[in-house]
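Remarks on the overall topology
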Amino acid sequence: MKAAELLVKCLENEGVEYIFGLPGEENIDVMDALIDSPIQFVTTKHEQGAAFIADVYGRLTGRAGVCMSTLGPGATNLVTGIADANMDRAPVVAIAGQGATTRLHKESHQILDLVELFTPVTKYSTQVLEPEIVPEIVRKAFKTSQNEKPGCSFIDFPENIAEMDIPDTQPLKVQYAREPVAPSGRCTKAAVHIAESRAPVIMVGNGVIRSKASDKLVHFAEQVNIPVATTFMAKGVMPASHPLSLGTIGMKSKDFVNYAFEAADLIICIGVDMVEYHPELWNPNKDKKILHIDRRPAEVDQHYILESGIIGEIHDSLKRIMSSLDKLPDSPIHKMIPIIREELNKHKDDTGFPIKPQKILSDLRTVLDAEDIVISDVGAHKMWIARNYQAEAPNTCIISNGFAAMGIALPGAIAAKLAYPERKAVAVCGDGGFMMNNQEIDTALRLGLDIVILIFNDSKYGLIEWHQLRHFGRATDIEFTNPDFVMLAESFGAKGYRVESVEDFIPTMNKALNDGTVSIVDCPVDYAENMKLTEQLTSLKSLI
Ligand SMILES: Cc1ncc(C[n+]2csc(CCOP(=O)(O)OP(=O)(O)O)c2C)c(N)n1
Ligand SMILES: [Mg+2]
């Protein structure tokens, strides 16, 4: 067999169903080997789209998404999506073709040191130098990328190695490491800290979703009676409608939920990752007691000095901490829950047009079922989604909040639909971010997927305008011209709708959700709400 065939056999052995990418000259042996494999190659329009699809596929399934490019420019196009996956802790294995090993040492057409290029955006970056090491490299790439904290692996596969013959070789057995449990003493000590606290609050991060401990978390919060805020990437772990839900934390400005953290004496961080939200923003005076419950030790930060770290399988840690705790009485933080809820439901009956972001998200919640998946792009709309979209189940509101790269939502919706064909998938994009990867509409159409792309149309890089106005009171270089999104959709063979009034939104979305194909819903948004929120939060002094 050829080394390229061995690589494909090893990918099959890892349970790979799809490879997202673009064929090129230097990966033709792998492409040819895939013809005889059950693995489906999904041809995308841009390598960045392929990397983003693999990113969200990995995040939703916990199994590495796989993407592939050719050498040089194909591989550089992968970088943003790979960096996004790596910082969002999504397992991804990226493979790139490379020139022959006989020309890597000199200036040569399209040659770039890809192992070095990918080193800062992966956990493991390597080159296949001999055919017989393919099984070890593939196994190590998957193991490294899927292990907590997940991230990316990169394999550089030179074309002369790919075509080499090798005697029939078997892939290595797939083995999963069992996560160790926290020492009992740590769990008992944590229970003592919680029992002695006056006003504890729980902050939940994406580590809880990755550990499949969401149900346990809800049970824990209920049993000890402690209010819960989730980070952007943990939305839905605590259902938004739950009586102990404080909503989402993570805005740079001091939002309503931050008053709960200000009032708390103990912050219980469960599966929280600093990459999402700097502890300085919720512990500015370094006076909060912090419990760190996670599978990995905490990052060092002067605003994150621990009372105790409980490192081990999260499900088990919560079970054991809870077993030595009685239900705590209500604290002042409980009184903030209805106030926060009222704030988040504000404008749900607003009649203004262009539509307020709060109203769009409230109506979006109405047209979707609890298990349907919203994928946010990056911009002002992301801030509103994080704050106002009421997620009821984990992994139903996907937000990139580690690397936060624009352009992820449409590829992400393709991944969501492949991972969960029975659920609806809505990509919520800014007009800027949508235009970065809109060509993947064709990929979704070729796959026969039904996806709705909801565009918050302001003809601006809205988030940047918001920042500029906050800092300087004036804005610059944020405006652009959009194409006619309805015509754009139709030119791809997709459906396109423009929302013309506030009453139009729900019927248009329902129609789009039932089209059975790719549909764009172009929705004018009233971003005057951005600065109104800033002013409201600046003048807010307390909740109770
Ligand atoms: C790839 C990339 N480029 C630039 C940025 C910085 N950035 C963050 S949000 C934003 C503007 C987003 O505009 P748009 O997609 O229209 O969304 P809106 O803010 O208007 O809702 C920019 C430029 C980024 N996060 N990612
Ligand atoms: Mg915009």
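Everything below is about the structure printed above this text.
Quantities reported herein were computed from a predicted structural model and do not represent experimental measurements.

A word on the coordination of the magnesium ion (ligand 2)
Each angle at a metal carrying four tetrahedral donors should ideally be 109.5 degrees, and each at a metal carrying six octahedral donors should ideally be 90 or 180 degrees. All of the protein donors around the magnesium ion (ligand 2) are Asp431 (OD), Asp458 (OD) and Lys460 (O); their distances to the metal are 2.1 Å. All donors of the magnesium ion (ligand 2) come from a single chain, and their spacing in sequence reads D-x26-D-x1-K. Of this pair, aspartate 431 sits in helix H17 (residues 431-437) while lysine 460 sits in the loop between strand E16 (451-457) and helix H19 (462-472), placing them 29 residues apart in sequence. Of the residues examined, lysine 460 reaches a relative accessible area of 22% and is grouped as partly exposed.

Points about the nonpolar core
If you look at the biggest cluster of nonpolar residues, it comprises 66 residues, and the most contacted ones within it are Leu246, Phe261, Trp282, Leu364, Val426, Leu454 and Met509. When sequence neighbours within four positions are dropped, the list of residues in contact with leucine 246 reads Val201, Pro227, Val228, Ala229, Val257, Ala260, Ile333, Ile337 and Ile340. Membership of the second largest hydrophobic core comes to 55 residues, among which are Leu60, Ala96, Ile441 and Ile451.

So, the sheet that holds strand E7 (residues 200-204)
The pairing of strands in a sheet happens through backbone hydrogen bonds and is either parallel or antiparallel. In space, the six strands of this open sheet follow the order E9-E8-E7-E10-E11-E12, with parallel pairing throughout. On the outer flanks of this sheet lie strand E9 (245-248) and strand E12 (308-311), each paired with one strand and no other. Neighbour-to-neighbour, the strand axes of this sheet turn through a mean angle of 15°, independent of strand direction. Where strand E10 (residues 266-270) lies against strand E11 (residues 289-294), five bridges are found, and the strand directions are parallel. Paired with isoleucine 270 across the strands is isoleucine 293, a residue of E11.

A look at the site of ligand 1
The environment of ligand 1 is formed by 18 residues, the closest being Ala380, Asp431, Gly433, Leu463 and Tyr527. Between ligand 1 and the protein, one listed contact pairs a nitrogen atom with a backbone N or O atom of alanine 404 at 2.9 Å. A total of 590 Å² of accessible area belongs to ligand 1 in isolation, and the protein chains cover 78% of it. Elements with a contribution of two residues or more to the shell around ligand 1: helix H15 (380-388), H17 and H19.

What to know about the side chain of histidine 303
With respect to the secondary-structure elements, histidine 303 resides in the loop between E11 and E12. From its side chain, histidine 303 meets the backbone oxygen of asparagine 283 in a polar contact 2.9 Å long.

Describing the packing of aromatic side chains
Under the definition given, this model contains nine aromatic pairs. Relative to phenylalanine 154, the ring of phenylalanine 118 has its centre 3.9 Å away and its plane inclined at 5°; by these criteria the two rings are stacked. Taken together, the positions of phenylalanine 118 in helix H5 (residues 114-118) and phenylalanine 154 in strand E6 (residues 152-158) put the pair 36 residues apart, joining distant regions of the chain. Assessed through its relative accessible area of 0%, phenylalanine 118 is described here as buried. Looking at phenylalanine 154, the relative accessible area reads 0%, which means it is buried. Between tryptophan 282 and tyrosine 304, the aromatic rings sit 6.1 Å apart at their centres with planes inclined by 85°, giving edge-to-face as the arrangement. Here tryptophan 282, found in the loop between E10 and E11, pairs with tyrosine 304, found in the loop between E11 and E12; they are 22 residues apart in sequence, far enough to count as distant.

Quick look at helix H6 (residues 134-146)
Here H6 spans 18 Å end to end across 13 residues, near enough to the 18 Å set by a 1.5 Å rise per residue. Looking at H6, one finds that the buried residues are Val134, Pro135, Ile137, Val138, Arg139, Ala141, Phe142, Thr144 and Ser145. Tucked inside the fold, the buried residues of H6 contact helix H1 (3-13), strand E3 (65-69), strand E4 (92-98), strand E5 (124-127) and E6.

Topic: the packing of H15 against H19
In contact at an axis separation of 6 Å, H15 and H19 are set at 90° when each is read in the N-to-C sense. Classified by the angle between their axes, H15 and H19 sit roughly perpendicular to one another. Together, Ala380, Met383 and Trp384 of H15 and Gly462, Leu463 and Trp466 of H19 make up the contact between the two elements. A per-class count over the contact of H15 with H19 returns five nonpolar, one polar and no charged.

Overview of the sheet that holds strand E15 (residues 425-430)
Strand order in the open sheet formed by six strands is E14-E13-E15-E16-E18-E17, and the pairing between neighbours is parallel. Both edges of this open sheet fall to strand E14 (397-398) and strand E17 (495-498), since each of them pairs with a single strand only. Looking at chain direction, E16 and strand E18 (residues 518-524) are connected through seven bridges and run parallel. Residue pairing for E18: valine 452 is matched across the bridge by serine 519. Along the sheet, helix H14 (residues 357-367) makes contact with strand E13 (373-376), E15, E16 and E18, crossing E16 at roughly 165°. Taken strand by strand, helix H16 (residues 409-419) contacts E13, E15 and E16, and its axis lies near 175° from that of E15.

So, the pattern of salt bridges
Within the structure shown, the criterion is met by 30 salt bridges. A salt bridge links glutamate 26 to arginine 103; its shortest N-O distance comes to 3.9 Å. Pair noted here: glutamate 26 is in the loop between strand E1 (18-21) and helix H2 (28-34) and arginine 103 is in the loop between E4 and H5, with a separation of 77 residues, a long-range link. For arginine 103, a relative accessible area of 17% translates into the label buried. Between arginine 387 and glutamate 343 there is a salt bridge, and its shortest N-O distance comes to 2.9 Å. On the criterion of sequence distance, the pair formed by arginine 387 in helix H15 and glutamate 343 in helix H13 (residues 332-345) is long-range, its members being 44 residues apart. Each member of the pair, arginine 387 as well as glutamate 343, carries the same accessibility label: buried. Among the charged side chains, a salt-bridge network with shared partners connects Glu148, Glu179, Arg210, Arg295 and Arg296.

What counts and what doesn't
- Residues numbered from 1 in each chain as written.
- Chains lettered and ligands numbered in written order.
- Predicted model: local features only at pLDDT ≥ 70, side-chain atom pairs only at ≥ 80, totals over all residues.
- Heavy atoms only, no water.
- Donors = N, O, S within 2.8 Å, 3.2 Å for Na, K, Ca; no water.
- Helix = DSSP H or I, 4+ residues; strand = E, 2+ residues; numbered from the N terminus.
- Buried < 20%, exposed > 50% of the residue type's maximum accessible area, 1.4 Å probe, protein only.
- Core = buried A, V, L, I, M, F, W, Y, C linked by side-chain atoms within 4.5 Å.
- Contact = heavy atoms within 4.5 Å.
- Pairing = 2+ DSSP bridges.
- Axes fitted to C-alpha atoms, helices over the stretch in contact; angles between N-to-C directions.
- Near = heavy atom within 4 Å.
- Polar contact = N/O pair within 3.5 Å; in protein donor to acceptor, adjacent residues only side chain to side chain.
- Areas by Shrake-Rupley, 256 points an atom, 1.4 Å probe, with all protein chains shown as cover.
- Phe/Tyr/Trp six-rings, centres within 6.5 Å; stacked < 30°, edge-to-face > 60°.
- Expected span 1.5 Å × (residues − 1).
- Parallel < 35°, antiparallel > 145°, perpendicular 65-115°, else oblique.
- Nonpolar A, V, L, I, M, F, W, Y, C, P; charged D, E, K, R; others polar.
- Salt bridge = Lys/Arg side-chain N within 4 Å of Asp/Glu carboxyl O.

The values reported here are purely geometric and, on their own, carry no functional implication.
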